[in-house]
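# Descriptive structure summary
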Amino acid sequence: MKYLAADISGKVENYDNALYQAMITCLPEDAQLVFVCPYYTIAKNAEALHLHSYVSKKHRQSVKPLKRMIKAMEGVCNYSRLYRHIKRTSPDVLHLQWLPFLEVCNWEKHWLRKVHAHFPNIKIVLTLHNIYPHNSKAEQQKSYRKRMAEVMPFISQFIVHTQSSKQKAHDEFGIALDKIAVIPHGIFMPEQFPKRERTDKPLRLLIFGQQSPYKGTDLFVEAIEQLPTSYRQNVDIHIIGSTDRHMTETYLERAQKIGITWQNTFIEEQQLFQEIQDSDILVYPYRAISQSGALLLGIAFQKPIILSDLPSFQETMGKEYPQELFCKKGDIQSLSQALTRCIDQYEEYKKRVVPVLQTIIEENSWKNAALKTIALYNEQYATR
């Protein structure tokens, strides 16, 4: 059995690395796995394929026209290389981690049609990390549904990370439920947790990751504005990560006036781990998400987490997580109340959440995700 998996754009690099490293340790003896992405190659018992990388990791999410054009050229070249590799090696299953062009055009429909026509025995698996592209508006979602309908006939199986995403993929795109597999997203565990460097007493609140409207960073700033002055003076509030330009122009000055430290820049991994370790309360006031890598990293640090009541978040955190630490999606007052509650009762919540988060970590191991992914590959192989 030959399995070929690819993340053409490198959009979910950390997920790829964790999943496929785990899969390598679980593969049957008669199986070959090649995973490819622009930033590294993981391979076992097969020739490695190196994809092009024209844009650095630091700038891969840039919306600047020149970088987007270069990234598009990179994608076309990598699809070409992937096709030639398929022709040379004849894999049984092709697993795509993303269709990056689908967000703006239907170019990938033609590539998938070509693969399907020339290699009819290959089973194609697609992971839907998000049901819709981040920050997409109603009209954009309508166009996305049309493009999704055009690629669906070439996909044998879809993967999502939560039951709520499975139902939404069915409702939004009409994908048959038996063609959607739920494979939970693993928890991102640093190889080594940094030692806490902060010795000062004020509680630190932290939002981290690339900041844009769907993450609710603006809601967070407005919720902090609603806190009594006595609260704001006794907490240390940080926002870190490259930020949407419009949000910076609208909210950065407001945030600074109320004492928020906003670091609008790309954060390297080790610095990010240190920032999380030095914080006390993590906040995720997202408006929409299918699954959040930032949340799955934050869970590993076992701190009180305040988050919006999105179905995917509720499913990930489970029924044992304190329900009062959820805020209503898009509701500034609800978020402000959750912040106040957690600040007032921090020590109590710290004790309550640790065993719950430990259970979440155990149940969402990368080995479990790897075994389920391999089982899915085998099911697809059996139906060739």
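Report on the accompanying structure. Here the structure is a predicted model, which means the values were calculated and not measured. (Residues numbered from 1 in each chain as written. Predicted model: local features only at pLDDT ≥ 70, side-chain atom pairs only at ≥ 80, totals over all residues. Heavy atoms only, no water.)

## Examining the overall build of the chain
Test applied: Helix and strand assignments follow DSSP, with helices taken as H or I runs no shorter than four residues and strands as E runs no shorter than two, numbered in order from the N terminus. For a compact globule the rule gives 2.2 Å times the number of residues to the power 0.38, and the radius of gyration it is set against comes from C-alpha atoms. Throughout, a contact is declared for two residues whenever any of their heavy atoms are within 4.5 Å.
A count of helices and strands for the chain gives 14 helices and 13 strands. A globule of 384 residues ought to have a C-alpha radius of gyration of about 21 Å, and the chain, at 21 Å, matches this closely. With respect to the principal axes defined by its C-alpha atoms, the chain has extents near 70 × 40 × 35 Å. Residue pairs at least 24 apart in sequence account for 70% of intrachain contacts in the chain once pairs closer than 6 positions are excluded.

## Observations concerning the packing of helix α6 (residues 217-226) against helix α12 (residues 332-344)
The relative placement of two packed helices is expressed as an angle between their axes plus a distance between the axes. The following threshold applies: Geometry is summarised by axes, namely lines fitted to C-alpha atoms with helices restricted to the contacting stretch, and by angles between N-to-C directions that run from 0 to 180 degrees. In this scheme, a crossing is called left-handed if the near helix is turned counterclockwise away from the far one by less than a right angle; it is called right-handed if the turn is clockwise. Under the scheme applied, nonpolar residues are Ala, Val, Leu, Ile, Met, Phe, Trp, Tyr, Cys and Pro; charged residues are Asp, Glu, Lys and Arg; polar residues are all the others, including Gly.
Orientation of α6 relative to α12, taken along the N-to-C sense of each, is 65°, at an axis distance of 8 Å. Note that α6 runs across α12; the crossing there is right-handed. Residues L219, F220, E222, A223, I224 and Q226 of α6 pack against I332, Q333, L335, S336 and L339 of α12. For the contact of α6 with α12, the class distribution of residues is 7 nonpolar, 3 polar and 1 charged.

## So, unusual backbone geometry
Of note, S90 is a non-glycine position whose phi angle comes to about 50°, a positive value. By the secondary structure assignment, S90 is in the loop between α2 (65-89) and β4 (93-96). Despite not being glycine, Q302 shows a phi value in the positive range, around 55°. Mapped onto the fold, Q302 is located in the loop between α10 (293-298) and β12 (305-308).

## Overview of the packing of helix α1 (residues 13-24) against helix α14 (residues 366-382)
This is how it is decided: Throughout this description, any angle smaller than 35 degrees is read as roughly parallel, any larger than 145 degrees as roughly antiparallel, any in the 65 to 115 degree range as roughly perpendicular, and the remainder as oblique.
In contact at an axis separation of 8 Å, α1 and α14 are set at 75° when each is read in the N-to-C sense. Regarding the angle of α1 to α14, the classification is roughly perpendicular. Residues Y15, A18, L19, Y20, A22 and M23 of α1 touch α14, and the partners they reach there are W366, K367, A369, A370, T373, I374 and Y377.

## What about the pattern of salt bridges?
Our working rule: By definition, a salt bridge exists where a carboxyl oxygen of Asp or Glu is found within 4 Å of a side-chain nitrogen of Lys or Arg. Buried, partly exposed and exposed residues are distinguished by accessible area as a fraction of the type maximum, computed with a 1.4 Å probe on protein chains only: under 20%, between the cut-offs, and over 50%, respectively.
Tallied over the full model, the rule gives 13 salt bridges. Between K71 and E74 there is a salt bridge whose closest N-O contact spans 2.9 Å. Separated by 3 residues within a single helix, K71 and E74 lie in helix α2, roughly one turn from each other. A relative accessible area of 16% means that K71 is categorised as buried.

## Overview of empty space enclosed by the protein
Cut-off, in case you're wondering: The definitions used throughout rest on a 1 Å grid laid over the protein atoms alone, on which a cavity is an enclosed set of points accommodating a 1.4 Å probe that cannot get out and a pocket is an open set flanked by protein within 12 Å on both sides along at least five of seven lines; lining residues are those having an atom within 4 Å of a point. Grid points are joined across faces, edges and corners, and a volume is the space filled by probe spheres set on the points.
Across all of its chains, the model carries 2 cavities of 30 Å³ or more by this definition. Roughly 130 Å³ of internal volume is contained in the largest cavity. Breaking the lining of the largest cavity down by element, the ones donating at least two residues are β5 (123-127) and α4 (138-151). Its residues assigned to classes, the lining of the largest cavity comprises 9 nonpolar, 3 polar and 1 charged. If you add up the space inside the second largest cavity, you get close to 30 Å³. Taken together, the residues of the lining of the second largest cavity break down into 5 nonpolar, 2 polar and 3 charged.

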